[in-house]
Amino acid sequence: MGKRLYLPLLFVFVTVAAGLAASAVCNADPAPLPSWNDTATREAILTFVRGATTPDSPDFVPPAERIAVFDNDGTLWAEQPMYAQFFFILDRIRELAPQHPQWRDQEPFASVLKGDVKGALAGGDKAVMALVMATQAGMSTDEFSRIAADWLAKARHPETGRLFTDMVYQPMLELMDYLRAREFKVYIVSGGGVDLMRGFSEKVYGVPPENVIGSSLKTKWDDGTGTPRIMRLPEVDFIDDHEGKPLAIQRVIGRRPLMAFGNSDGDLQMLQWTMAGSGRRFALIVHHTDAAREWAYDRESQVGKLDQALDEAKQKGWVVLDMQKDWKRIYGDQP
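Residues numbered from 1 in each chain as written. Predicted model: local features only at pLDDT ≥ 70, side-chain atom pairs only at ≥ 80, totals over all residues. Heavy atoms only, no water.

**Regarding the overall build of the protein chain**
Applied cut-off: Helix and strand definitions here come from DSSP, where helices need a minimum of 4 consecutive H or I residues and strands a minimum of 2 consecutive E residues; each element is numbered from the N-terminal end. Exposure categories follow from relative accessible area, calculated using a 1.4 Å probe and restricted to protein chains: below 20% of the type maximum is buried, above 50% is exposed, and the middle band is partly exposed. Here, two residues are considered to be in contact whenever any of their heavy atoms come within 4.5 Å of each other. Using a 1.4 Å probe, the Shrake-Rupley method yields the accessible areas, and only the shown protein chains count as cover for residues. As used throughout, the charge tally considers Lys and Arg to be positive and Asp and Glu to be negative, leaving His and the chain termini uncounted. A charged residue contributes its charge at one atom only: NZ of Lys, CZ of Arg, CG of Asp or CD of Glu.
Scanning the protein chain from N- to C-terminus turns up 14 helices and eight strands. Along the longest, intermediate and shortest principal axes, the C-alpha atoms of the protein chain span 100 × 55 × 40 Å. Here the protein chain holds 335 residues, and 47% of them are scored as buried. In the protein chain, 64% of the contacts between residues at least 6 apart in sequence involve partners at least 24 apart. Roughly 17,100 Å² of accessible area belongs to the protein chain as shown, and the carbon and sulfur atoms make up 54% of that amount. Across the protein chain, the mean location of the 38 positive side-chain charges is 5 Å away from that of the 45 negative side-chain charges.

**Points about the sheet that holds strand S7 (residues 282–287)**
Counted only if it meets this: At least two bridges found by DSSP between two strands are what make those strands a pair. Lines fitted to C-alpha atoms define the axes, with helix axes restricted to the stretch in contact, and inter-axis angles between N-to-C directions lie between 0 and 180 degrees.
If you walk across this open sheet you meet the eight strands as S2-S5-S4-S3-S1-S6-S7-S8, and the pairing is mixed. Sheet topology places strand S2 (139–140) and strand S8 (319–322) at the edges, where each strand pairs with a single neighbour. Here strand S6 (residues 259–262) runs beside S7; their pairing, made up of four bridges, is parallel. Considered in S7, the bridge of Gly262 is made with Ile285. Packing of helix H6 (residues 124–136) onto the sheet brings it into contact with S2, strand S4 (212–222) and strand S5 (229–238), and relative to S5 it is tilted by some 175°. Packed on one face of the sheet, helix H11 (residues 244–252) meets strand S1 (67–70), strand S3 (185–193), S4 and S5 and runs near 135° to S3.

**Section: the pattern of salt bridges**
Let me state the cut-off plainly: Salt bridges are counted wherever a side-chain nitrogen of Lys or Arg sits within 4 Å of a carboxyl oxygen of Asp or Glu.
As enumerated under the stated definition, the model contains 17 salt bridges in all. In this structure, the salt-bridge partner of Arg94 is Asp91, at a minimum N-O distance of 3.0 Å. Linking Arg94 with Asp91, this pair stays in helix H3 (residues 84–96), spanning three residues, or about one helical turn. For Arg94, a relative accessible area of 41% translates into the label partly exposed.

**A closer look at the layout of surface pockets**
Let me state the cut-off plainly: Using a grid of 1 Å spacing that covers the protein atoms alone, one calls a set of points a cavity when a 1.4 Å probe fits there but cannot get out, and a pocket when the set is open and has protein on both sides within 12 Å along at least five of seven lines; lining residues are those with an atom within 4 Å of a point. Grid points are joined across faces, edges and corners, and a volume is the space filled by probe spheres set on the points. Residue classes follow a fixed rule: Ala, Val, Leu, Ile, Met, Phe, Trp, Tyr, Cys and Pro count as nonpolar, while Asp, Glu, Lys and Arg count as charged, and any other residue, Gly among them, counts as polar.
Within this model, the largest pocket holds a volume of roughly 1,300 Å³. Tyr83, Val128, Gly191, Gly192 and Asp241 are, among the 43 residues lining the largest pocket, the residues nearest its centre. Considering every element that reaches the lining of the largest pocket, the biggest residue donor is H6, with six residues. When its residues are assigned to classes, the lining of the largest pocket shows 17 nonpolar, 16 polar and ten charged.

In structure tokens form, the structure reads like this:
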């Protein structure tokens, strides 16, 4: 090959290589967590994950042990003025009322039908359980899944007018994607009903149903009709809240989480269990401080009360996320 041919070929090679390098830079992943402001909270997350996923880091954790658990209500989506699942119960009571004329004079149903939610809840846990059993028991798991899916497809938040499945926090969606891209296994651990959450968790959060842990009713096997069914019984099986969360994590996952995210006192034991493990671990509390874009509440709230967990987070150096300061936007369609 002569010099006159070699030099042009070398020029072409260098030019193509430079072009490919430039293309790689242009196509590189954008900055992680784009809906987060560049604050200490965002940096704490990125620093921890870098340490856990860098092989030569003293804080490196093998992929099999990278477990991240998230509460749902108030951590992944809005929970004010009431939990979404309670709105589901209220709508079901109104829908079923024609089949139960006695409800017009029977509490807590009578108050619900009159629009008096406060009156309906005056009976405490007993009243809540009566509403749950009337609307969610006595049917197969498949039937309940269809009912829940129909409700989720059309139910809207009474104050914002959004679908409940649009009331999810964009920054947290980005965080879950960021963790999964770095070989974390993401779980939802919530006090809400597990079967309703499983109906939307994969589509909305990218979390498959087998990675959702929640409260449940007892069930039984039924093949008396010729078609095998799992029937939902009018009896509580498990409440996945407070100390129930670490118990459920141990039973279902079998590994202590590396990272845990919550927003209320109901998440305290899950955060404590996570941080009690060996090595570096990460706990974060979502503090609702944004009355303009969402709601501001903590110690005095009847829903998502954050009191003891907030004190412990400050004492032990857990990350407390300030929604107003740390998030550029809350919902995905906000500018």
